[in-house]
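Analysis of the macromolecular model
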Amino acid sequence: MIGGILSALLFGVTSVVARRAIRLVGFVRANAWRLALSAVVLGLASLAFGGGTGAATVTLLGAGAIGLGIGGVALFRALPLLGAPLASLVVETLAAVVAAGAAWAWFDDRLTLEVVVACVVILVGVVAGLVPYVRREGAPPRLGLGLTTAALAAAAQGLGLVLTRKALLEMPAADAPATAALALGGGGLGARTTLENVVSASFVRLLGGAAVALVAWGVVVLFARRSAGARAALAEAGGFEPGEVPTSADLGAVGSRLPDTPAFWVGANAVVGPILGVTALVWALTTLQPGVAQAITAVAALISVPVAHWLEGHEQPPWMFVGAAIAAAGLWGLFLGIT
């Protein structure tokens, strides 16, 4: 459960940081660059730790291609259209439903009633905290496209988690010894792997995601010669139009003092997202059913609101704290349900 909480904290930051990167280099390049950088860093870490994924490598590559590749492109398209809080709300909550249902239907990764109720309470808290915020902000331009791409990102993210969980469960016993450090995740619900193999699994997933993102970038570059839409996607703030593109003067108290450069924001997105956030989520999947891990991670949508306030100047609605309290109650119930 600790891995899920860490991933929620990190993903709450990464959605806002990603939007800053998109403002500077466009959504296609921002996604490709962050995944490529993350793959290099985690590749070096994997070599240093010396873990392995064995026969699960192909499944993990597929998980990354779907969850980080297709899901990442779709999420980065939705972020400038919907804003970080609304995009996170749609993606994180729908992904939990997709992940829970797919894991249960595919390989009978079941949940107890107590765990299901706790996860529902968490998601209710997320929705309760963000819906008033979204309503106050008003409907963004091209709302339909934003919601469609966010729903695609949610489906891809949920299926990517299920494939990752399947791969972790199928790792040979020699590659997945029980360890006290990783037993904290919860309640005998999964195959506990070593830290070395968690890092290796995260790296392999990133390879699949980076390959899809780089191919998508190449396709957009190819079509940019003939398509105005492709050229706009590669331009600065590509993906925001026809909505308002934030300027440095519109940014929050913290965000306005940070470097307004692609290297800083793409690098920050890589660190808090694919490198640390995804690794924490893979850790969570070693012991938690995918729907449970994603339900915990969905709290990231609430965390993104104060982060958006600090980095982009958005207001924090009072209802967010009510939703956070409900989600916290759900997390406590989940802890009781899996221990």
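Remember, predicted model here, so these are calculated numbers, not experimental data.

1. Here's the deal with the overall build of the protein
Of regular secondary structure, the protein possesses 12 helices and 0 strands. Reading the secondary structure of the protein in the N-to-C direction produces α-α-α-α-α-α-α-α-α-α-α-α. Residues counted as buried form 55% of the 339 residues belonging to the protein. Within the protein, contacts between residues separated by at least 24 positions form 87% of all contacts whose residues are at least 6 apart in sequence. Carbon together with sulfur atoms contributes 72% to the accessible area of the protein, which is approximately 13200 Å² in total.

2. Looking at the environment of Leu10
Mapped onto the secondary structure, Leu10 falls in helix H1 (residues 2-25). Residues Leu10 and Ala280, 270 residues apart in the sequence, show an inter-C-alpha distance of 8.9 Å. Excluding residues that lie within four positions of it along the chain, Leu10 makes contacts with Val272, Leu276 and Gly277.

3. Quick notes on helix H11 (residues 300-312)
With 13 residues, H11 extends 17 Å from end C-alpha to end C-alpha; this agrees with the ideal 18 Å at 1.5 Å per step. The largest bend in H11 amounts to roughly 30° and is located at Pro306. Within H11, 11 of the 13 residues are buried, which leaves it mostly tucked inside the rest of the structure.

4. Re the pattern of salt bridges
Once the charged atoms of two side chains with opposite charge are near each other, the side chains can pair. If you walk through the whole model with that rule in mind, you get 5 salt bridges. The partner of Arg20 in a salt bridge is Asp260, with the nearest N and O atoms 3.3 Å apart. Of this pair, Arg20 sits in helix H1 while Asp260 sits in the loop between helix H8 (228-234) and helix H9 (262-285); the two residues are 240 residues apart in sequence, bridging distant segments of the chain. The class for Arg20 is buried, based on a relative accessible area of 1%. A salt bridge links Arg110 to Asp108; its shortest N-O distance comes to 2.5 Å. Overall, Asp108 belongs to the partly exposed group, its relative accessible area being 42%.

5. Quick notes on the nonpolar core
Of all hydrophobic cores here, the largest spans 89 residues; its most connected members are Val292 and Leu334. With residues near it in sequence (within four places) discarded, Leu334 still touches Met1, Val115, Ala118, Cys119, Ile122, Val292 and Ile296.

6. Some words on the confidence of the model for the protein
With 85% of its residues at a pLDDT of 70 or more, the protein shows a mean pLDDT of 83. By mean pLDDT, H8 is the weakest element of the protein at 77, and helix H10 (residues 290-297) is the strongest at 94. Ignoring residues within four places in sequence, the model shows residues 173-192, a span with pLDDT below 50, making 46 contacts including any to other chains.

7. Digging into a nonpolar patch on the surface
Taken together, the side chains of Ile2, Ile5, Leu6 and Leu9 make up a nonpolar region of the molecular surface, amounting to roughly 310 Å² of accessible area. Note on placement: Leu6 falls in helix H1.

8. What about unusual backbone geometry?
Phi is positive for Asp108, which is not a glycine, with a value near 55°. Assignment of secondary structure puts Asp108 in the loop between helix H4 (84-107) and helix H5 (113-137).

9. Observations regarding the packing of H11 against helix H12 (residues 319-338)
Across the interface, H11 lies against H12 with an axial gap of 10 Å and an inter-helix angle of 145°. The chirality of how H11 crosses H12 is left-handed. Residues Leu302, Val305 and Pro306 of H11 lie in contact with H12, whose contacting residues are Met320, Gly323, Ala324 and Ala327. Among the residues forming the contact of H11 with H12, the class breakdown is 6 nonpolar, 1 polar and no charged.

The rules behind each value
- Residues numbered from 1 in each chain as written.
- Predicted model: local features only at pLDDT ≥ 70, side-chain atom pairs only at ≥ 80, totals over all residues.
- Heavy atoms only, no water.
- Helix = DSSP H or I, 4+ residues; strand = E, 2+ residues; numbered from the N terminus.
- Buried < 20%, exposed > 50% of the residue type's maximum accessible area, 1.4 Å probe, protein only.
- Contact = heavy atoms within 4.5 Å.
- Areas by Shrake-Rupley, 256 points an atom, 1.4 Å probe, with all protein chains shown as cover.
- Expected span 1.5 Å × (residues − 1).
- Bend = angle between axes of the 7 residues up to and from the residue.
- Salt bridge = Lys/Arg side-chain N within 4 Å of Asp/Glu carboxyl O.
- Core = buried A, V, L, I, M, F, W, Y, C linked by side-chain atoms within 4.5 Å.
- pLDDT = per-residue confidence, 0-100.
- Patch = residues over 30% accessible without salt bridge, like charges linked within 9 Å, V, L, I, M, F, W, Y side chains within 5 Å.
- Axes fitted to C-alpha atoms, helices over the stretch in contact; angles between N-to-C directions.
- Left-handed = near helix turned anticlockwise from the far one by under 90°.
- Nonpolar A, V, L, I, M, F, W, Y, C, P; charged D, E, K, R; others polar.

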